[in-house]
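Residues per chain, in single letters:
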Amino acid sequence: MTGGIVGEFFDLRRETDADLLAMQCGDFYEFFAEDAETVAEELDLKVSQKSSHGSSYPMAGVPVDDLTPYVTALVERGYRVAVADQYETSTGHAREVTRVVTPGTLLETSDADAQYLAALVDGEGGYGLAFADVTTGRFHVSGADDPEGVLTALYRFDPVELLPGPALRADDALLDRVRQASDATLTLHTAEAFAPGRARHRLGEQFGAETVGSLGIGDPAVRAGGAILSYVEETGVGVLASMTRLQQHGASDHVALDGTTQRNLELTETMSGGSEGSLLATLDHTVTSAGRRMLTEWLQRPRRERELLTRRQSAVEALTEAAMARDRLRETLDGAYDLERLASLAASGSADARDLRAASETLDLLETLAAIVAETPRLAESPLVGVLDRPDREAAAALATTLDEALVADPPGTVTQGGLIRPGYDDDLDAVLEEYNAVAGWLEDLPAREKRRHGITHLTVDRNKTDGYYIQVGNSETDAVPAEYEQIKSLKNSERYTIPELEKREREMLRLEEQRNELEHELFEALCERVADRADLLGAVGRALAEADTLRSLAAHAARNDWTRPTVHEGGALDIEAGCHPVVEQTTEFVPNDLRMDDDRRFLVVTGPNMSGKSTYMRQAALITLLAQIGSFVPARRARVGLVDGIYTRVGALDELAQGRSTFMVEMQELSNILHSATEDSLVILDEVGRGTATYDGISIAWAATEYLHNTVGAKTLFATHYHELTSLADHLERVANVHVAADERDGDVTFLRTVREGPTDRSYGVHVADLAGVPDPVVDRSREVLDRLRDEKAIEARGGGGEPVQAVFDLGSGEFRAGESGDAETGVPAADAASADSTATAADGSGGDTTDEHRGRYGEEATEVLDALAALDVSETPPVELMSRVQEWQRSLE
Ligand code: ADP
Ligand code: MG
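The structure contained in this document is the topic of the report that follows.

Thresholds, definitions, all that
Residues numbered from 1 in each chain as written. Chains lettered and ligands numbered in written order. Predicted model: local features only at pLDDT ≥ 70, side-chain atom pairs only at ≥ 80, totals over all residues. Heavy atoms only, no water. Near = heavy atom within 4 Å. Polar contact = N/O pair within 3.5 Å; in protein donor to acceptor, adjacent residues only side chain to side chain. Nonpolar A, V, L, I, M, F, W, Y, C, P; charged D, E, K, R; others polar. Buried < 20%, exposed > 50% of the residue type's maximum accessible area, 1.4 Å probe, protein only. Helix = DSSP H or I, 4+ residues; strand = E, 2+ residues; numbered from the N terminus. Pairing = 2+ DSSP bridges. Contact = heavy atoms within 4.5 Å. Core = buried A, V, L, I, M, F, W, Y, C linked by side-chain atoms within 4.5 Å. Axes fitted to C-alpha atoms, helices over the stretch in contact; angles between N-to-C directions. Expected span 1.5 Å × (residues − 1). Parallel < 35°, antiparallel > 145°, perpendicular 65-115°, else oblique. Left-handed = near helix turned anticlockwise from the far one by under 90°. Salt bridge = Lys/Arg side-chain N within 4 Å of Asp/Glu carboxyl O.

1. Quick notes on the site of ligand 1
Consideration 1: Lining the immediate surroundings of ligand 1 are 15 residues, of which V591, M611, K614, S615 and T616 lie closest.
Consideration 2: Here a nitrogen atom of ligand 1 sits 2.9 Å away from a polar atom, N or O, in the main chain of V591.
Consideration 3: Here S612 contributes a backbone N or O atom positioned 3.2 Å from an oxygen atom of ligand 1.
Consideration 4: Considering only residue class, the shell around ligand 1 consists of 5 nonpolar, 7 polar and 3 charged.

In structure tokens, the structure reads:
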């Protein structure tokens, strides 16, 4: 048993489920026992030993005033830290846990990015998610039908802490995926907080029962939201008052962008994980943290409403043309304080006078910005006016004035030592200040008075902690000191004295100082409360400034890079003239390219040698669409963008394997998701999909996926492939067209032209390179022969939606052709292809010959005739219906 201070520590430690406990002991916060060792290790602190009741315990401490940076550092390393404060009681003092600082409830962050706390609930109607940023008071709820949806939301909000609901804690499969996808600390919050009734009540209390009702939020999301509120309250961060706006995420007016697509398109970070080289980093010229957060949000949640987009475009356009005003706006915004974060700081009592002062100045910026806009004819007509008019400007100005009238121009960083409040703001304070100033004046005049009275030249009056106020006289003149001077200290060159009058004034001074400090502190807290009460106003002004900054940033980038305003329309066409990749163009002499897709040309098969620029071309199409759908200009000479409801991208497993992150299984899961989720209004980018497996498997899957996307889904699709077989799809499927990235070979050198042209790539390109490289003529000739036969005779059928498949396949296992069985109409995968893929696989392990021998024996002369006919058939020139009847004929002759 331990008693004493360490015993108390252990008692408190048992009360909290935090990882560490900092307990106040006078002027220090102490960590004991294992906690002391952990903290010492993490923060490089010294450990001492504390004896208590016959045992000795490790102890590490930090001064009371320095706690915040230490706790912040620990929390940023993923620890949850409980803080126990000491308070006075009638019999001495006691301690209790007043706060638990966790990654998701850390207010004192220096990071400009949003910092989300998340809750995830698995309920009857799917998954429910809630996300709260305590630093800004943002609060989002959303639902997800499946784990993919959950991961996408987690990717987007990138929470630092996650509260899994009770049922989820047993779902190891999902939790594992969550852990892989996110760095969030998992915290087990009390299960009762997730109970439906209780959660709905809480959410209603916070945001109004009507809001919760009218948003029609699903039960699981309500439970997640309620649990977050309960957790925020329990940790004692004290910011609930700043959470005023409940937003529902995932509403249908946003463009679906799943996590994989956001990663592939490198929106906010590159595939290798850094932010440099991402679209965000390239586009970001914002000068405020809130502006940067908004730009990030826009990129992650593009929109579909044409009207909203045209409004943003018009603002951007006006700003591109008003260069001088744009600079003035930037300079004005540059000093802006993060108003969204202020509401939280004020509500939690962590704001100091400098924060409020900055807030007042930032509120005033709204008027300055509005004036710049009004003075600039090009801007005065633009939607920028509406952006700045959205918040209640009068209320903002009034709040700014209140703060300005209350606070001195350059207040100190501490709020308990006075010096914060302007004279004239409060009568009681003024009365105290008047007395205070009288005493201070008396003290100020004292040295001159005493010098004059006693004829002493070296006399000063000063104050320190131990002696209080004193009169100091140099040794040479101590003889002149009068009898009423009472000596209090001897120094080397001088003596210190006091006089009764000085002692009296000193007592007065201390009393007045204390009164003043207390009064000022009270007044300041009242101010904070007023500010916290106006959290909605601060949020609105903060968002207006952020939006002005974001639009300005988009305009600056457009002007600098000569981007163009795209026409956005509701139709299916995507028409880009001389388009560039927004990121690659920054570092490369970029060759612009055209892209044309419309209702009759919905599916482009993109071919071309390795490294020719296929992936870049397709990503460029996706990024231009995305930029158009945030209201930005785009890198092109001219662009018409049909608004899409979702962008889906998938990269074949081999490409991703190079990044060390994916497998063929994942590739197929992702493909399956696209086939389920994409609609005819979506844009789909498939980059070498099917590559992660054996050739015939790969072709079959790519083929079938193309048919499905073309016939059933109808999405606008760009498909880069090195399977030349797929280029013949254009002959069979109405809306498929071929384009290729051109390359030039001369004198043995291959030059990538980076130019995209109509039609399939020259398929003998590889053989040609082999020739140039000096491969012996017989081999090159034989390659051409084999290639020609493969091209003409190996038939993979096209299926135009329904109907019997047509097939005959060059069997790689035997090197001969054979007819196959009927394909599986449901998957659309030709059976013969699948079979031959199998035989390829078995051939590899040395037992491949058997099946083909069997086939050879089974069919007689007829087979040769069929094969001859097949060899002579020009598949691309024969109409599908005729192909079908020919194959049926062959099948009959083989029966
Ligand atoms: P692929 O997918 O065909 O293998 P990539 O798209 O990966 O080729 O591009 C290969 C390289 O070519 C990249 O380094 C890319 O930056 C560069 N590149 C691609 N397109 C262009 C272009 N239009 N202009 C200049 N460089 C380009
Ligand atoms: Mg590529």
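2. Concerning the pairing of strand 8 (residues 126–133)
Every regular strand shows the same layout, with side chains that alternate between the two sheet faces.
Consideration 1: Of all 8 residues making up strand 8, 8 are buried, and the element is well covered by its neighbours.
Consideration 2: Relative to strand 8, strand 7 (residues 117–123) runs antiparallel, the two being bridged by 7 bridges. Pairing of A119 across the sheet is with A130, part of strand 8.
Consideration 3: In sequence, strand 7 turns back onto strand 8 through a hairpin of 2 residues.
Consideration 4: Relative to strand 9 (residues 138–144), strand 8 runs antiparallel, the two sharing 7 bridges. Within strand 9, the residue paired with Y127 across the bridge is A144.
Consideration 5: Taking the residues between adjacent antiparallel strands as the criterion, strand 8 and strand 9 are bridged by 4 residues, where G137 takes a positive phi near 80°.

3. A word on the environment of E266
Consideration 1: Mapped onto the elements of the fold, E266 is located in the loop between helix 9 (259–264) and helix 10 (279–283).
Consideration 2: Look at E266 and you get partly exposed, because its relative accessible area is 24%.
Consideration 3: Residues contacting E266, with those up to four places away along its chain left out, are M271, S278 and L279.

4. What to know about the nonpolar core
Consideration 1: Ranked by internal contacts, the top residues of the largest apolar core, which has 154 residues, are F139 and L356.
Consideration 2: Among the elements that take part in this core, helix 21 (residues 535–561) stands out by supplying 12 residues, more than any other.
Consideration 3: Apart from residues no more than four positions distant in its own chain, F139 is found in contact with F131, A132, L203, F207, G225, I228, L229, M243, R245, L246 and Q247.
Consideration 4: The next biggest cluster of nonpolar side chains, apart from the first, holds 23 residues, and it includes A705, L709, V713 and L726.

5. With respect to the packing of helix 20 (residues 500–533) against helix 21
Consideration 1: Running from amino to carboxyl end, helix 20 crosses helix 21 at an angle of 65°, the nearest separation of the two axes being 4 Å. Between helix 20 and helix 21, the residues in contact are V531, A532 and D533 and A535, D536 and L538, respectively.

6. Description of helix 8 (residues 219–235)
Consideration 1: Over its 17 residues, helix 8 runs 25 Å from end to end, which matches the ideal 24 Å to within 8%, given 1.5 Å per residue.
Consideration 2: The element helix 8 is largely enclosed, with a buried count of 14 among its 17 residues.

7. Digging into the packing of helix 13 (residues 323–334) against helix 21
Consideration 1: Look at helix 13 against helix 21: their axes get within 10 Å of each other, and the N-to-C directions meet at 135°. With respect to helix 21, the axis of helix 13 lies oblique. The interaxial crossing formed by helix 13 with helix 21 has left-handed handedness. Contacts between helix 13 and helix 21 involve R326, L329, R330 and L333 on the former and, on the latter, L545, A548, D549, R552, A555, A556 and A559.

8. Quick notes on the side chain of T717
Consideration 1: By the secondary structure assignment, T717 is in strand 25 (residues 716–720).
Consideration 2: There is a polar contact of 3.0 Å between the side chain of T717 and the backbone oxygen of A715.
Consideration 3: Among all residues touching T717, those that are not within four sequence positions of it are M597, R602, F603, L604, V684, L686 and L709.

9. Some thoughts on the pattern of salt bridges
Consideration 1: Inspection of the entire model under this criterion finds 46 salt bridges.
Consideration 2: A salt bridge links E8 to R95, with the nearest nitrogen and oxygen atoms 2.9 Å apart. With E8 in helix 1 (residues 4–15) and R95 in strand 6 (residues 92–101), the pair connects residues that are 87 residues apart, well separated along the chain.
Consideration 3: Judged by relative accessible area, R95 falls into the buried class, the value being 11%.
Consideration 4: The partner of R202 in a salt bridge is E233, with the nearest N and O atoms 2.2 Å apart. Taken together, the positions of R202 in helix 6 (residues 196–207) and E233 in helix 8 put the pair 31 residues apart, joining distant regions of the chain.
Consideration 5: Judged by relative accessible area, which is 19%, R202 ranks as buried.

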